[in-house]
Amino acid sequence: MIRYMIRRTLFLVVVLVVVSMFTFLVFVKLPAGDPIARAVGRHPSPELVAQVRENFGLDRPLWVQYWRFASGMIPWPGLFLNEKVYFSYRNQTSVKEQILGRLPVTIALTIGAALLWLAIGIPIGVISAIRRGSLLDRAAMIFALVGVSAPIFWLGLVLLYVFHFWLGWLPTAGLPKGQSVLRSVFEGYFVLPWFSLAITSAAFYSRMTRGNLIETMGEDYIRTARAKGIPEHRVIFRHGLRAALTPVVTMFGMDVAFLLGGAVITESVFQLPGLGQYAIVSLYAADFPAVMGVTLVGAFFIVVANFVVDILYAFLDPRVRYT
Amino acid sequence: MKRHVTLVALLASLALVAAACARGEEPTETGPTGPTATGEIPTGGILREETTDFGFTNAFDPTGEYLGTAWAIYGNFLLRGLVSYPWLPGEKGGNEPVPDLATDLGEVSADGLTIKFTLKDGVMWQPPLNRPVTSQDVAFAFQRINTKSLIAQYGNYYCGTIVGMDCEGKSQDDPIEGIETPDEKTIIFHLERPTGDFLYRLAQPAAAPVPPEVAGCFDKAGEYGRYVMSNGPYMLLGSDELDISSCDTLEPIKGYDPDKFMYVVRNPNYDQSTDENRKNYIDGWSYVINTNLDDIYNRVLNGEIDIAHGAPPAAILQQYLTNPDLKDNLKTNSGDRTWYITMNLIVPPFDDIHVRKAVNYVVDKAAMLQATGGPTTGEIATTIEPPTVLPDLADYDPYATPNHAGDVELAKEEMRQSKYDSDGDGVCDDPVCDNVLMINRNYEPWTEYTPILTENLKQIGINLKVRELDVGTAYTTIQTMSNLIPIAANAGWGKDYASPFGFDYFLFSTAGLSCEGAVNYSNIGLDAELAKECGDEVYEAWKAATDNGKNPLPNVDADMEACVAKPFGPEYNACWAALDRKIMEEIVPWVPYRWGSQNTVLADTVVAWEYDQSAGWTAYSRTAVNNGLTMDEVAQV
Amino acid sequence: MADEGIAGSVAAPGGGDRPSTIVGRSPWQIFWMRFRRDRVALGAGVFLVLLAALAITAPLIARDLVHHDPNALFRDTLNEIGLPKVGPSAEFWFGVDTSGRDVFVRTIYGARTSLLVALLSTGFAVVLGILLGSLAGYLGGWVDTVISRAIDLTLSLPVLLFSIGIAAACSIKAEGCLGGLIQPGISLVTAIIALFTWPYIGRIVRGQVLTIRNKEFIEAARAMGASTGRILLRDVLPNLAAPIIVYGTLIIPSNILFEAALSFLGVGIPPTTPSWGRMISDAARGQLYTVAWWMLFFPGMALVLTTLAFNLVGDGLRDALDPRTQVTG
């Protein structure tokens, strides 16, 4: 087990290194738009261009440039998102500060949406699995399919149209300035983003729960339990659901991690100043220290979640053995 | 260009900020609700404004900052230069420099090479500096402009003009040969040549004094932006708490967070009696980032904030235009800005002047104005310089078409004369007319231009392939010569100051050519040497377009030199007007389609408002509100 | 598409063992018999066929039935500030957009873009997934490690950000990326989507191959000296057909949403090419949908119905190919 954990940890590091290389290549080296040109203004002399290139460290060899960015991922004070490197070209701010400042919005969005989709998705899945083939099951599965099929950006706009512009029940997109994220949560600014995000995922989770539960209920040990005369609801909740939800938990971990890295579309549709929106704005502005920072933080969440889920799996599921 | 529009609007979905000349609109110093009963303009209150993005080009460091909004903030609130503007619209003299820190407009020597200014008494720096502004502070501003690492984005107005300035300086502490400060109140400039518009250049924010004890700590571009010290009527909130005992104790001013807000409050050291032009009605100004553009305008409608700049999105604009109660809350002023389509003289099919003329005839400028949001957003442009900058060209329209809607027949007539129409039917039949790359911006109204231009040019056989890019990438793409972009619709140009030189010198002279960062996008005057330097592709294209150099590209450098040398005044303007005609008729690099307006939307709380022509923005120092707020209630630091 | 990427409906559970054979009927006959009984899936299939027909005949419909070109500008349908005055009507069935273009014609043209990109990218993803997945599963060892890790890695990337980054980088030069191999536009979008979807197929194929690699008939083939390529092609692949069809079908709708999301964010498909995602983002700009609801409604419905239909057909296929469904079915 310990060897396995060491191996997973090493793999985690390798993944982060490769991801950072990809990120560096895609966002820094591939674009034809030169960020320098943007920084020098109207009619720069070649000397000026060279000077800025030097200021930004772009005159160094490729690997030096890469290392400048990569070292920012090492979780060590002074290195982690080092403000000398991770410093936004666009508005001269520390990327670390920006990311930390925006994290609460993304966390509020993610947690709210995640709780919502679990609260909707799992009960629906359980009920339709138990009442398989019933009208309820069919209705639930139609909901699930429509939910899975609806693009989140369209759903978000429709919800905004109905609940803000038409009915006026809920506030518009965006967060009021200068008030805490918590207060905005209580004032309902997150309700529509939560629902847009949750409907799609809830649909998916209900399908998954239903499928797993049906499968589990056909297993031998469930039959044994039934045969022993254990009441059906106990069979379902004690034995069936427990096994059926293990893969759901895995999925959940990964989904939450993905969202923590920035819910790009939801944050754009609802103008939420979170990590996803920061990434998009920085990307459009070719502000690559910011893009690098936020992408790597996002990848970091995913990789860590992957790791945690794997380890949890090893503990939870006795069938899984690691060498 | 003053990157005003371009950077403010960085977030995709934004409306444009520019605006045309509202000649004929009644100039008003009162807000939507008119003057108060007594006719007196109230003081106090906080002017609340929101924007989607500050868009500063140099992080608010006055030495390099090129954004019009920033110039309005410096001028109205923070920085008093030797000369400045009266913060009025053009028709009230808003484009004319007036003395500010100096006692008068300077004593010019007979040969025009020396200008001497005397500073007023009683102009102080804000706390914690608490000392008078000196001529050395002014000289220090120029030392900063001259320092290479600080990247003065319009340093070209000073370097090469003031003796000893080349913008290549190593340290901001190095004095400049051509600037003398015999005592604390006197400053003398020595120029390389007589420069008619030197006062305009002095009125630019980069030339305003800077205190060496704070700014001297920062030698990289943009760093000083978070420590800007004021000698004007207002200061950044919290800037008086700066610990200036050493460079190490300086902490960024808390009232300015580049990603969230900027707050200004009154400067206790300001003496109103030294200032004739700033009225300073408000107690403070809050400028907050709100990424939801629609919400900004909704908030102005609801009176939750007082002011927003730029035309609202069409759905909201509609309300302002149709609701009589709102009509006066939407202001339209001349933005002194031309929006244009640029064509590349070395890339087929635009290497043929007849094709370029045909495009001028075929574009439906009326549809483009409609797509932008109608007459509120500007007026149809017929030549390079807006008449507000160069009145001589007011009625000039070399490619007139009925209702400005384009004329296919006239266009075909031109196309027929080109080398790309072999059968003479007025439609391009050469393969070079297929998949012609056009660069455009990726937000409205530019995205609305894509279908219009695609359909228009199809009529003369040019099939466009449009790339929509964010504004910064779009600019850098067409600024890189080796990309050989045939045609682009993303470009606009606003004045730096109200002189034709400041408007179009770099757009058409070879000074605006370089391999990267070129602004002479059409490559007027490109020669073999530079073409070679910018890569094989460029050189090949240049050879093809000039018949191996036998027919060199047109060049207007000499014409420009001749105009610069003319004395400032009618003769100067006439010279530039003649040059513009030549460019429009003999070179045809552009299709100018709109002279943009500056739109401002006000809430009913704004009881006095004025437009500042010099920055193309609200004259904050002449604006008043009656919301009775204090900064403590507004600021969220 | 959910923000979390394209996981969407792809990893739906309970999928695909090999169909068991019943005497006298081929697995395909059984499959068809069962699929035919699933009226919902069949209905969805019919819808898709109709949609495809509509997409293919779109130019004819536009020219001969509606008489509106998708890019024709009817500017007199706009008011002075460029807002559409004409909603759904006899002349413009789905109303006009802010350029005065016919939303109905653009919606049916949008189906062309959507289907083309989704089918092509799914095709590439499936080919790539089968190739790498079966190699990994069959060969094991370091090949498996490398490919599996590549799969993990691709799935750890923030997909949308990378897509936008690549699309942006490849859209600037006229000749595109990789020396002109990837042209901006449909081929670029297809490549990007395929790049980020193959791991889903790869992972499933690898798992399937792992389970059958040690079955007797494979051992037998190996013992008879068949080459790896031959075994993979002749013995392994045919047994993977069912799960690949099911998952391939289920990836199509998520790829449709992927394309729409990229178009919504303004990258990929050229601006004048009608695309549902782009039409929705046009409607979203400046709250336009509050004055012209039809700009949001029709392309959105087209998108939802199409993805829904693919999901229904995919579910139907899975049920029909999965022997276990009969137990309670």
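Just so it is clear, the structure is predicted and the values come from calculations on it, not from any experiment. (Residues numbered from 1 in each chain as written. Chains lettered and ligands numbered in written order. Predicted model: local features only at pLDDT ≥ 70, side-chain atom pairs only at ≥ 80, totals over all residues.)

### What about the overall build of chain C?
Per the secondary structure count, chain C includes 12 helices and zero strands. The secondary structure elements of chain C, listed N-terminal to C-terminal, are α-α-α-α-α-α-α-α-α-α-α-α. Split into buried and exposed, the 329 residues of chain C put 54% on the buried side. For chain C, the share of sequence-separated contacts (at least 6 apart) that also reach a separation of at least 24 residues comes to 72%. (Helix = DSSP H or I, 4+ residues; strand = E, 2+ residues; numbered from the N terminus. Buried ≥ 20, exposed ≤ 12 C-beta atoms within 10 Å, placed from the backbone. Contact = placed C-beta atoms within 7 Å.)

### What to know about the packing of helix H6 (residues 135-149) of chain A against helix H9 (residues 191-217) of chain A
Residues and elements named next belong to chain A. Across the interface, H6 lies against H9 with an axial gap of 7 Å and an inter-helix angle of 130°. Between H6 and H9, the interaxial angle falls into the category oblique. For the pair H6 and H9, the crossing hand works out as left-handed. Touching Ala140, Phe143, Ala144, Gly147 and Val148 of H6 are Ile199, Thr200, Ala202, Ala203, Phe204, Ser206 and Arg207, all from H9. In terms of residue class, the contact of H6 with H9 is built from eight nonpolar, three polar and one charged. (Axes fitted to C-alpha atoms, helices over the stretch in contact; angles between N-to-C directions. Parallel < 35°, antiparallel > 145°, perpendicular 65-115°, else oblique. Left-handed = near helix turned anticlockwise from the far one by under 90°. Nonpolar A, V, L, I, M, F, W, Y, C, P; charged D, E, K, R; others polar.)

### Describing the environment of valine 105 of chain A
All names here are of chain A. Tracing the chain through its elements places valine 105 in helix H5 (residues 95-130). The spacing of valine 105 and valine 185 is 80 residues in sequence and 9.5 Å in space, taken between C-alpha atoms. With residues near it in sequence (within four places) discarded, valine 105 still touches Leu175, Val181, Leu272, Pro273 and Gly274.

### Observations regarding the packing of H5 of chain A against H9 of chain A
Between H5 of chain A and H9 of chain A, the least distance of the axes is 6 Å, while the angle of their chain directions is 35°. Of the two possible hands of crossing, H5 of chain A and H9 of chain A adopt the one that is right-handed.

### Digging into the nonpolar core
Formed by 395 residues in total, the largest nonpolar core has its most connected members in Val264, Ile341, Met438 and Ala488 of chain B together with Ala261 of chain C. In contact with isoleucine 341 of chain B, not counting residues within four places along its chain, are Val363, Ile487, Ala488, Ala489, Trp590, Val591 and Tyr593 of chain B. (Core = buried A, V, L, I, M, F, W, Y, C linked by C-beta atoms within 7 Å.)

### Re helix H10 (residues 408-416) of chain B
Residues and elements named next belong to chain B. For H10, the complete set of buried residues consists of Ala411, Lys412, Glu414 and Met415. Axial view of H10: buried residues confined to an arc of 160°, hence all on one face. Among the structural elements, helix H8 (353-362) are those in contact with the buried residues of H10. (Arc of directions from axis to C-beta.)

### A closer look at helix H7 (residues 152-166) of chain A
In this model, H7 of chain A (15 residues) spans 20 Å end to end at C-alpha, consistent with the 21 Å of a helix rising 1.5 Å per residue. Residue leucine 160 of chain A marks the point of greatest curvature in H7 of chain A, where the axis turns by about 25°. The complete set of buried residues in H7 of chain A reads Ile152, Phe153, Trp154, Leu155, Gly156, Leu157 and Leu160 of chain A. Contact partners of the buried residues in H7 of chain A: H9 and helix H12 (264-269) of chain A together with helix H9 (228-264), helix H10 (276-284) and helix H11 (293-321) of chain C. Once H7 of chain A ends, the next one or two residues include glycine 168 of chain A, with phi positive near 70°. (Expected span 1.5 Å × (residues − 1). Bend = angle between axes of the 7 residues up to and from the residue.)

### Quick look at the sheet that holds strand S5 (residues 114-118) of chain B
Residues and elements named next belong to chain B. Ordered by their spatial adjacency, four strands build an open sheet running S4-S5-S7-S6, and the pairing between neighbours is antiparallel. The open sheet has two edge strands with one neighbour each: strand S4 (107-108) and strand S6 (179-183). This element, helix H3 (residues 135-146), spans S6 and strand S7 (186-190) of the sheet and lies at about 165° to S6. (Pairing = 2+ DSSP bridges.)

### Remarks on the environment of alanine 125 of chain C
Residues and elements named next belong to chain C. By secondary structure assignment, the location of alanine 125 is in helix H4 (residues 103-139). Considering only alpha carbons, one finds alanine 125 and isoleucine 201, 76 residues apart in sequence, at a separation of 7.2 Å. If we ignore the near neighbours within four places in the chain, the residues touching alanine 125 are Ala194, Thr197, Trp198, Ile201 and Ile251.

### A short note on the pairing of S7 of chain B
Residue and element names in this part refer to chain B. Only one face of S7 is covered, namely the one carrying Ile187 and Phe189; the face carrying Thr186, Ile188 and His190 has none of its residues buried. For S5 and S7, the ladder comprises five bridges, and the chain directions are antiparallel. Pairing of lysine 116 across the sheet is with isoleucine 188, part of S7. Note that S6 and S7 share three bridges and pair antiparallel. Counted as the bridge partner of glutamate 180 is isoleucine 188 from S7. Here S6 hands over to S7 after two residues, the two strands then running antiparallel side by side.

### A few points about the pairing of strand S11 (residues 284-289) of chain B
Residue and element names in this part refer to chain B. Of all the six residues making up S11, five are buried; the element is thus mostly covered by neighbouring parts of the structure. For strand S1 (residues 46-51) and S11, the ladder comprises six bridges, and the chain directions are parallel. In the strand pairing of S11, glutamate 50 is matched with valine 288. Judged from the five bridges that link them, strand S10 (residues 261-266) and S11 form a sheet pairing that is antiparallel. Counterpart to methionine 262 in the pairing with S11 is tyrosine 287.

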